Amino acid sequence: MYVKEILLDWRLHLSTLAITVIAEAIGVIKVPIGIGAILLLPLLYAFVMGLLINPNVIRAAKVWIKPSDVKAASPMIVIAIMPFIAKFGTIIGPSMRTIIDAGPALILQELGNLGTVILAFPVAVLALGMGRESIGACFSVAREPNIAIIADKYGLKSQEGAGVMGVYVIGTLFGTFVFAILASIFATTGLFSVEALAMACGIGSGSMMAACSGALVSAVPEMKEQILALAGASNVLTYATGMYLCVFVALPMTEKLYDWLGPKSTPAPSAGE
Amino acid sequence: MSDTQTFEDPTEEAKFGLGAHAAALVVVCIVALVGNTVATENSVPQGLVGLIVLWGLCMVGLVLTAVVPFKLPSVAWISLVGIVATLPWTPGSAWVVETVSHVNFLTLATPCLAYAGIAIAKREIAIAKTSGWKIAVVAVLVMTGTYVGSAIVAQLFL
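Residue positions within a chain follow its written sequence, with the count starting from 1. The order in which chains are written sets their letters, starting at A; the order in which ligands are written sets their numbers, starting at 1. Predicted model: local features are reported for residues with pLDDT of at least 70 only, side-chain atom pairs are reported and counted for 80 or more only, and whole-chain, interface and lining totals are derived from all residues. Side-chain figures throughout are based on the complete set of non-hydrogen atoms in the structure, without hydrogens or water.

J.: Before we go on, may I ask you to explain the packing of aromatic side chains in this structure?
T.: The description of an aromatic ring pair uses the distance of the two centres, along with the angle that the planes make with each other. Here a Phe, Tyr or Trp ring, Trp counted by its six-membered ring, pairs with any other such ring whose centre lies within 6.5 Å, and the pair is stacked when the planes are under 30 degrees apart, edge-to-face when over 60, and tilted otherwise. Scanning all chains against the criterion turns up eight aromatic pairs over all chains. Considering the side-chain rings of Phe 121 of chain A and Tyr 258 of chain A, the 6.5 Å spacing of their centres and the 65° angle between planes classify their relative orientation as edge-to-face. Of this pair, Phe 121 of chain A sits in helix α7 (residues 115–127) while Tyr 258 of chain A sits in helix α13 (residues 224–261), and the two are 137 residues apart along the sequence. Partly exposed describes any residue whose relative accessible area lies between the buried limit of under 20% and the exposed limit of over 50%, with all areas from a 1.4 Å probe on protein chains only and scaled to the type maximum. Judged by relative accessible area, which is 0%, Phe 121 of chain A ranks as buried. Among the aromatic residues, those joined into a cluster by ring pairs are Phe 179, Phe 186 and Phe 192 of chain A together with Tyr 147 of chain B. Note that Arg 11 of chain A overlies the ring of Trp 64 of chain A, its terminal NZ or CZ placed 5.5 Å from the centroid. Here a strand is any run of E in DSSP of at least two residues, a helix any run of H or I of at least four, and the numbering for each starts at the N terminus. Two conditions define a charge located above a ring, namely a distance within 6 Å from the ring centre to NZ of Lys or CZ of Arg, and an angle within 35 degrees of the ring normal.

Dropping the structure here:
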């Protein structure tokens, strides 16, 4: 696909413009639930509206959006996140002192990624009876660098590959929802300090961080600057250090757990089922 | 489904040159400017100046991605440029902070997620379907585990 075609795909850009206007006009909606509140953010409506005009999701949408528009949308995701990342940088800069003060917590907080192995892996293997795909699915939060690790070690067509791709796709589809909901629930329950929750927002992709820190800011508006600075710094560190943690700690640990908990010497079932 | 499933590597990006990036960023900034005007009290000129500055920061980051010999993702460079430009001891940082303050950060994520919704391909829907409900349950646990785990560790060391 030529770059020029992507740029001149007016149907795609016009749709995005319309979606953005509608989403921003609706604004943030707060839904109280028992233990806290869920915040519905414009970026979540934008994602849902995007799905609704996606012909792969709603067949009738093909009268407006063509397969070529769907293809052109993919590279636009990375470009559209750039101004957001730049803006994030401008929030981190002035708050450098807050970040330096939180330094040790920020660096060690990467260890919290191991929480996924502790919580998800036993359920996948013991309760759901999954095979080796549980290794790929549970060793990390399954973003692009983690896929690269699995692709390198097992190949993406392996069972481990199917596991990491499954979680990647679910994360891509619903990750913003899950993180926004987690952040708004924890922010309103008061179990953790807001700074700790902000740092935890940085563990996933850029859009996950956006949804997560956005939900936190909407819940605790008076701490906006600190929340965004800590989430952003944590996200930068995730890219810098998270990968090493995955390669040298999380993946070997998950492998060991599988030897211990997983099915013993049975013929490997086919991937995905 | 008898044919072998093949997964494209999602880390592979379409190769855009600098000029194409510049033009695509203009498209994104126009969408963001309209969104910013709808979402906030900021005037169009205020939003425009803010977005021009952000566009400039992105471009510096992209130039660095292309020029610097060791490989870092472009978003990492852009983030770094944004940080350095606004450090308290960087000359002119106050001006940068003031101009970009008229652009709402959450609004900038809205067009990105709209593109993401439109970009979902048949392949991704197929993976979600074949992996089934089990992988969905596991994925939610993975995200929850990572979030709570990180929050606990951060809480301990703060």
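J.: Would you take a moment to explain the nonpolar core for this structure?
T.: If you look at soluble globular proteins, the nonpolar side chains tend to sit buried side by side. Buried Ala, Val, Leu, Ile, Met, Phe, Trp, Tyr and Cys residues form a nonpolar core when they are joined through side-chain atoms within 4.5 Å. With 139 residues, the main nonpolar core has Phe 84 and Phe 179 of chain A together with Tyr 147 of chain B as its most contacted residues. Residue ranges assigned to the domains are those given by an automatic or database domain assignment. Two domains each put at least three residues into this core: domain 1 (18–119) and domain 2 (131–158) of chain B. Apart from the residues within four sequence positions on either side, Phe 84 of chain A is in contact with Gly 206, Met 209 and Ala 210 of chain A together with Phe 105, Leu 108 and Ala 109 of chain B. Residue contacts are defined here by distance: any two heavy atoms, one from each residue, within 4.5 Å place the two residues in contact.

J.: Explanation requested: the interface of chain B and chain A in the structure shown.
T.: Accessible area lost during the coming together of the parts is what is often quoted as the interface size. Contacts between chain B and chain A engage 92 residues on the former and 109 residues on the latter. The quantity reported as buried area is the accessible area (1.4 Å probe) lost by two parts once they are put together, taken as the sum for both. Both sides together, the interface formed by chain B and chain A hides about 8700 Å², and carbon and sulfur atoms give 83% of it. It is Phe 105, Ile 118 and Tyr 147 of chain B in chain B that bury the most area against chain A; as a group they hold 10% of the surface buried on that side. Any carboxyl oxygen of Asp or Glu within 4 Å of a side-chain nitrogen of Lys or Arg constitutes a salt bridge here. Summed over the shared surface of chain B and chain A, the number is zero salt bridges. Identification of polar contacts relies on pairs of N or O atoms within 3.5 Å, with a donor-acceptor requirement for protein atoms, meaning one able to donate a hydrogen and the other able to accept it, and with residues adjacent in sequence counted only if both atoms are side-chain atoms. Taken together, the links from chain B to chain A amount to nine residue pairs in polar contact (both at pLDDT 80 or more). Contributing elements (two or more residues each) for the side of chain B that touches chain A: α1 (18–39), α2 (44–67), α3 (74–86), α4 (93–100), α5 (105–119) and α6 (122–157) of chain B. Classes in brief: Ala, Val, Leu, Ile, Met, Phe, Trp, Tyr, Cys and Pro nonpolar; Asp, Glu, Lys and Arg charged; the others, Gly included, polar. For the side of chain B that touches chain A, the residue count by class is 64 nonpolar, 21 polar and seven charged.

J.: Mind showing me how you'd approach the side chain of Lys 87 of chain A here?
T.: Its location among the elements puts Lys 87 of chain A in helix α4 (residues 67–92). Residues scored as charged are limited to Lys and Arg (positive) and Asp and Glu (negative), so that His and the chain ends carry no count. Buried and unpaired, Lys 87 of chain A has Glu 225 of chain A as its nearest opposite-charge partner, separated by 7.7 Å. Once residues lying within four places of it in the same chain are set aside, the contact partners of Lys 87 of chain A are Leu 54, Val 100, Ser 101, Val 103, Phe 105 and Leu 108 of chain B.

J.: It is not clear to me how helix α12 (residues 206–219) of chain A should be interpreted in this structure. Could you clarify?
T.: Side chains that are three or four residues apart share a direction in an α-helix, a result of its 3.6 residues per turn. Residues and elements named next belong to chain A. Relative to the 20 Å expected for 14 residues at 1.5 Å per residue, α12 spans 20 Å between its end C-alpha atoms, a close match to the ideal helical length. Across the 14 residues that make up α12, a large majority, 11, are buried. Looking only at α12, the buried set comprises Gly 206, Met 208, Met 209, Ala 210, Ala 211, Cys 212, Ser 213, Gly 214, Ala 215, Leu 216 and Val 217. Here the expected length of a helix is defined as 1.5 Å per residue gap, with one fewer gap than residues.

J.: Explain the UniProt feature "transmembrane region" (unreviewed entry) in chain B here, please?
T.: All names here are of chain B. UniProt positions are given in the numbering used here, feature names are shortened, and annotations may be inferred rather than shown by experiment. Here, UniProt's "transmembrane region" (unreviewed entry) annotation points to residues 16–35, 47–68, 75–97, 103–121 and 133–157. Between the C-alpha atoms that bound residues 16–35 the distance is 25 Å, and the span itself is 90% helix and 0% strand. Overall, residues 75–97 shows 74% helix and 0% strand. The separation of its end C-alpha atoms is 19 Å.

J.: Which parts of the structure should I look at to understand the pattern of salt bridges?
T.: Pairing between side chains of opposite charge can happen when the charged atoms of each approach one another. All names here are of chain A. Tallied over the entire structure, the rule returns three salt bridges over all chains. Here Asp 69 and Arg 11 are joined by a salt bridge, their closest N and O atoms 3.7 Å apart. Here Asp 69, found in helix α4, pairs with Arg 11, found in helix α2 (residues 10–26); they are 58 residues apart in sequence, far enough to count as distant. The class for Arg 11 is partly exposed, based on a relative accessible area of 22%. A salt bridge links Glu 160 to Arg 132; the nearest nitrogen and oxygen atoms lie 2.6 Å apart. Here Glu 160, found in helix α10 (residues 159–189), pairs with Arg 132, found in the loop between α7 and α8 (133–138); they are 28 residues apart in sequence, far enough to count as distant. Residue Arg 132 is classed as partly exposed on the basis of its relative accessible area of 26%. The network of salt bridges with common partners includes Arg 132, Glu 160 and Glu 255.

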